[in-house]
Amino acid sequence: MQRRHFFAGAAATAVAAASVSRVAIAALPEPASQSNAETAAPLVPPNGRPYRPVVTLNGWTTPWRMNNGVKEFHLVAEPVVREVAPGFSVNMWGYNGQSPGPTIEVVEGDKVRIFVTNRLPEHTTVHWHGQRLPNGMDGIGGLTQPHIAPGKTFVYEFVARRPGTFMYHPHADEMTQMAMGMMGLWITHPKNAHPLIANVDRDYAFLLSAYDVEPGSMTPRVNEMTDFNIWTFNSRVFPAITPLVAKQNDRVRIRVGNLTMTNHPIHVHGHEFEVTGTDGGPVPKSARWPEVTTDVAVGQMRQVEFVADELGDWALHCHKSHHTMGAMGHDVPTMIGVDHRGLVAKIQKIVPDYMVMGERGMGDMGAMEMPLPDNTFPMMTGTGPFGPLEMGGMFTTLKVRAHLGANDYRDPGAFKHPQGTVAWEWTGAPLADSTAPRQTEPGKAPGAPSVRKPAADSSGHEHH
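Residues numbered from 1 in each chain as written. Predicted model: local features only at pLDDT ≥ 70, side-chain atom pairs only at ≥ 80, totals over all residues. Heavy atoms only, no water.

(A) View of the overall build of the protein chain. Along the protein chain, the regular secondary structure elements total 4 helices and 25 strands. Looking at the protein chain alone, contacts between residues at least 24 apart form 74% of all its contacts between residues at least 6 apart. Counting only carbon and sulfur atoms, one obtains 55% of the accessible surface of the protein chain, whose full area is about 23,300 Å². (Helix = DSSP H or I, 4+ residues; strand = E, 2+ residues; numbered from the N terminus. Contact = heavy atoms within 4.5 Å. Areas by Shrake-Rupley, 256 points an atom, 1.4 Å probe, with all protein chains shown as cover.)

Rendered as structure tokens:
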């Protein structure tokens, strides 16, 4: 195998893809690799049919080489270390240096050949989730093909028959390999103008994935079934997830695939969208309706589209609130309303670092500085122009600005709100009665109805 090429941007990969000699074309394609978790520039196709490329959040699109009219890709399944957030890295299995692996972009009708080299310690396969293809190319170990043993390379070859958003992942020891992060996106662009697929100005894509990483450790617990604690967009957590940027009145498409073990209601603030595509293809216009949240079930893909016409920094997140948090101790009891007075000093004699937490809610943790084990992602984090966001996990922002270049995806910074458009504190007379409605135990409040069960009479019967 030739020396691996480290991806440095669209221009570099375009040169690599176009400069393959006749000698090299008879060998395995040189696999590209990504060395960091930043969002790469969209890869403008250097050859083949033209299309507008996607932007993979905290990911990248792999280059290809043309070989007698066939687009050839090379995936390398291998152990990787993914920086899930600065200071928090996880041992994963992925493809070409990262988890998720690179996005594959092709055009409807393209003949593709994908070389898959296995550098894992166990066998694997690749399933092309959602594709119409010959049965023997479906990647189901033991059913449609032999497993790819460590050190071996297999070849998949088929025609990208329908446009849409797809995924790829192993179908061998699937529980372990997906729990370790083996997955990637596949985008098939339409070859001609399509009546149900609009031209968009910004086209974003990401996968939903989840991991169970115990505080202070680096390797996910692969046998976990439901109690995950790291919820990610493309194996990245807030505030390390790149914001989605749009110029005011841009038409924006967001493609989301779900390879976690539960569903995710994806919610966009400030805008209504339509679901324009699903696993099965484009949605007929007569079947679309406005939404602000769409549920993405396990193994599903959704494409949503909207016009970004409201300026600002808008939240975009999973609406399951535990999925917008970092690692939590789910066995910790609820402390709301517990009176710690007189107890803290006694505990601190035994545990000097003991702090009162949770008796007023958990919001204090957003600003609390407390020691954590090395390589541990906090439960709440992120800061905005008005203070702590108290978020984490599957959360990022949609930043809409009036003045942006057509290909400018840089973070424009915090939104500058026009005067008089931010919620403000009331400084007039306070509410006259600030007493909370319930300050007593049930049934003991003044005037509370009193009903008791009558005693049985001498006959042994109760009154009714």
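(B) Examining the sheet that holds strand β11 (residues 164-169) more closely. An order of β7-β12-β11-β9 is seen for the 4 strands of this open sheet, with the pairing classed as mixed. Pairing within the sheet leaves two strands with one partner each, and these edge strands are β7 (104-107) and β9 (127-129). Mean inter-strand twist for the sheet, computed between neighbouring axes without regard to direction, equals 25°. Where β11 lies against strand β12 (residues 184-189), 5 bridges are found, and the strand directions are antiparallel. The partner of threonine 165 across the bridge, within β12, is isoleucine 187. (Pairing = 2+ DSSP bridges. Axes fitted to C-alpha atoms, helices over the stretch in contact; angles between N-to-C directions.)

(C) Region of interest: the pairing of strand β24 (residues 387-391). Judged from the 3 bridges that link them, strand β23 (residues 381-384) and β24 form a sheet pairing that is antiparallel. Bridging across to β24, glycine 384 finds its partner in glycine 387. Linking β23 to β24, which pair antiparallel, is a turn of 2 residues.

(D) Quick look at the side chain of threonine 188. Locating threonine 188 in the fold gives a position in strand β12. At 2.8 Å, the side chain of threonine 188 forms a polar contact with the side chain of tryptophan 186. For threonine 188, the contacting residues outside a window of four places in its chain are Val106, Val107, Glu108, Gln131, Ala160, Arg162, Pro163, Gly164 and Phe166. (Polar contact = N/O pair within 3.5 Å; in protein donor to acceptor, adjacent residues only side chain to side chain.)

(E) Here's a closer look at the nonpolar core. Core analysis: the largest hydrophobic core is formed by 47 residues, its most contacted members being Leu75, Phe88, Ile104, Ile114, Trp128, Trp186 and Ile230. At the level of secondary structure, the elements contributing two or more residues to this core comprise β5 (70-85), β6 (88-95), β7, β8 (111-118), β10 (153-159), β11, β12 and β13 (202-211). The greatest single-element share of this core, amounting to 6 residues, is contributed by β5. When neighbours within four sequence positions are excluded, phenylalanine 88 is seen to be in contact with Arg82, Glu83, Val213, Ile230, Asn375, Thr376 and Phe377. Core analysis: the second largest hydrophobic core is formed by 32 residues, Leu208, Phe228, Ala246 and Ile254 among them. (Core = buried A, V, L, I, M, F, W, Y, C linked by side-chain atoms within 4.5 Å. Buried < 20%, exposed > 50% of the residue type's maximum accessible area, 1.4 Å probe, protein only.)

(F) Up close: the sheet that holds strand β25 (residues 395-401). Within the open sheet, the 5 strands sit side by side as β15-β25-β22-β17-β20. Their pairing is mixed. Strands with a single pairing partner mark the edges of an open sheet, and in this sheet they are β15 (244-247) and β20 (293-296). Each strand of the sheet is rotated relative to its neighbour by a mean of 20°, with strand direction disregarded. In terms of strand pairing, strand β17 (residues 264-268) meets strand β22 (residues 312-318) through 3 bridges, oriented antiparallel. Note that in β22 the partner of isoleucine 266 across the bridge is cysteine 318.

(G) The packing of aromatic side chains, seen in detail. For the structure shown, the criterion picks out 12 aromatic pairs. Relative to phenylalanine 158, the ring of tryptophan 128 has its centre 6.1 Å away and its plane inclined at 50°; by these criteria the two rings are tilted. Separated by 30 residues along the polypeptide, tryptophan 128 in strand β9 and phenylalanine 158 in strand β10 bring together distant segments of the chain. Each member of the pair, tryptophan 128 together with phenylalanine 158, is buried. (Phe/Tyr/Trp six-rings, centres within 6.5 Å; stacked < 30°, edge-to-face > 60°.)

(H) Main features of the confidence of the model for the protein chain. Overall, the predicted model of the protein chain reaches an average pLDDT of 88, with 82% of residues at or above 70. With pLDDT under 50 throughout, residues 1-18 is counted as low confidence; its partners more than four residues away or in other chains account for 43 contacts. (pLDDT = per-residue confidence, 0-100.)

(I) Molecular detail of the environment of glutamate 272. Assignment of secondary structure puts glutamate 272 in the loop between β17 and β18 (274-278). Given a relative accessible area of 56%, glutamate 272 falls into the exposed group. For glutamate 272 and alanine 308, which are 36 residues apart along the polypeptide, the C-alpha to C-alpha distance reads 9.3 Å. Beyond its immediate stretch of four places on either side in the chain, glutamate 272 contacts Pro290, Glu291, Val292 and Phe306.

(J) Inspection of the side chain of threonine 396 at higher detail. Mapped onto the fold, threonine 396 is located in strand β25. One polar contact links the side chain of threonine 396 to the main-chain carbonyl oxygen of threonine 242, over a distance of 3.2 Å. Leaving out residues up to four positions away in the same chain, threonine 396 has contacts with Phe233, Phe238, Ile241, Thr242, Pro243, Leu244, Trp314, Ala315 and Leu316.

(K) Quick peek at the environment of phenylalanine 386. Summarising the element assignment, phenylalanine 386 is placed in the loop between β23 and β24. In contact with phenylalanine 386, other than residues within four places in its own chain, are His417 and Val422.

(L) Broad picture of unusual backbone geometry. Note that the residue after serine 99, namely proline 100, is joined by a cis bond; omega there is -5°. Within the secondary structure, proline 100 sits in the loop between β6 and β7. The linkage connecting phenylalanine 238 with the following residue, proline 239, adopts the cis geometry, with an omega of 10°. With respect to the secondary-structure elements, proline 239 resides in the loop between β14 (230-233) and β15. Unlike most non-glycine residues, asparagine 375 shows phi in positive territory, near 55°. Along the chain, asparagine 375 turns up in the loop between α4 (344-350) and β23.

(M) Expanded view of the pattern of salt bridges. Tallying each qualifying case throughout the model produces 21 salt bridges. Here aspartate 203 makes a salt bridge to arginine 253, at a shortest N to O gap of 3.0 Å. Taken together, the positions of aspartate 203 in strand β13 and arginine 253 in strand β16 (residues 250-258) put the pair 50 residues apart, joining distant regions of the chain. Each member of the pair, aspartate 203 as well as arginine 253, is classed as buried. (Salt bridge = Lys/Arg side-chain N within 4 Å of Asp/Glu carboxyl O.)

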